[in-house]
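Examining the three-dimensional arrangement
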Amino acid sequence: MKSRIKKITAIAIILIVISTIMVILESNNEKFVLEEYKLYEKDYLGRKTILIENVLDFKYADLKGIGETLLVIETDRPNQIYEGLEVGNWIRFYEYKEGKVKLVYENDFTRVRPWMIDVGHIDDDDRDDVFVGVYKNTKVYPLAKRPFFFNWDGKKLTRKWTGSYFNINELMNVEFEDEDKDGIDEVKARERLKNGREVTNFYKWAHFNFVIKE
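Calculation rules
Residues numbered from 1 in each chain as written. Predicted model: local features only at pLDDT ≥ 70, side-chain atom pairs only at ≥ 80, totals over all residues. Heavy atoms only, no water. Salt bridge = Lys/Arg side-chain N within 4 Å of Asp/Glu carboxyl O. Helix = DSSP H or I, 4+ residues; strand = E, 2+ residues; numbered from the N terminus. Buried < 20%, exposed > 50% of the residue type's maximum accessible area, 1.4 Å probe, protein only. Core = buried A, V, L, I, M, F, W, Y, C linked by side-chain atoms within 4.5 Å. Contact = heavy atoms within 4.5 Å.

Let us now look at the pattern of salt bridges. On inspection of all chains with the given rule, the structure shows 21 salt bridges. The partner of lysine 59 in a salt bridge is aspartate 118, with the nearest N and O atoms 3.6 Å apart. Residue lysine 59 is located in strand 4 (residues 55-63), and its partner aspartate 118 is located in strand 10 (residues 114-120); the two are separated by 59 residues in the primary sequence. Overall, the relative accessible area of 8% leaves aspartate 118 in the buried class. Look at the salt bridges and you will find they share partners, linking Asp123, Asp125, Arg127, Asp129 and Lys160 into a network.

Next up, the structure:
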């Protein structure tokens, strides 16, 4: 009887330990975290190691010609505000290997004030499509958030589409998402209407421009 109780107790302890480990792993499932302009790598116990400083925004992706890559917007100084929006200076790509980073590409975007970066595939070519949200005026329109897209061929960024707006709505946020499951990403844009209401629109790349997906 005592032996059976010991076995049951041992099994219960094992189950508790496994459950605890699963909770820890689930609560720390983000490999990278951005806090106070520092980009950290987290291990499975939640311990953090600084990888890059002066970071405003980042994206982790498998990038052509590099592999595991941290695409980063870096700032010359923390809390850099321009006309009410926090903006950065540099677009930098870091190769990530075994907890270490190596700078492999950089581009000075100070003039257009970047605030967000992401990467996806909006057509069927073999290049990555990099989104950089910028904050600038144009000859026609006043200062606003604008969607800039670039091709990444494995070595450098080249301009794909640098529009003023997807449409006249105020741009707030962008993600890449294969909404119709055809293997090509749509651009999922969070926008604010003139009446202040926020909406989400999907835009599809039409080779020369974006069209709203009904």
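This part takes up the nonpolar core. Of all hydrophobic cores here, the largest spans 20 residues; its most connected members are Phe93 and Val130. Breaking this core down by element, the ones donating at least two residues are strand 4, strand 5 (67-74), strand 8 (90-97), strand 10, strand 11 (128-136) and strand 12 (144-152). Those residues in contact with valine 130, other than ones at most four positions away along the chain, are Leu71, Phe93, Ile117, Asp118, Val119, Phe148, Phe149, Phe150, Trp152 and Leu157. Met116, Trp161, Phe166 and Phe210 belong to the second-largest nonpolar core, a separate cluster that totals 18 residues.

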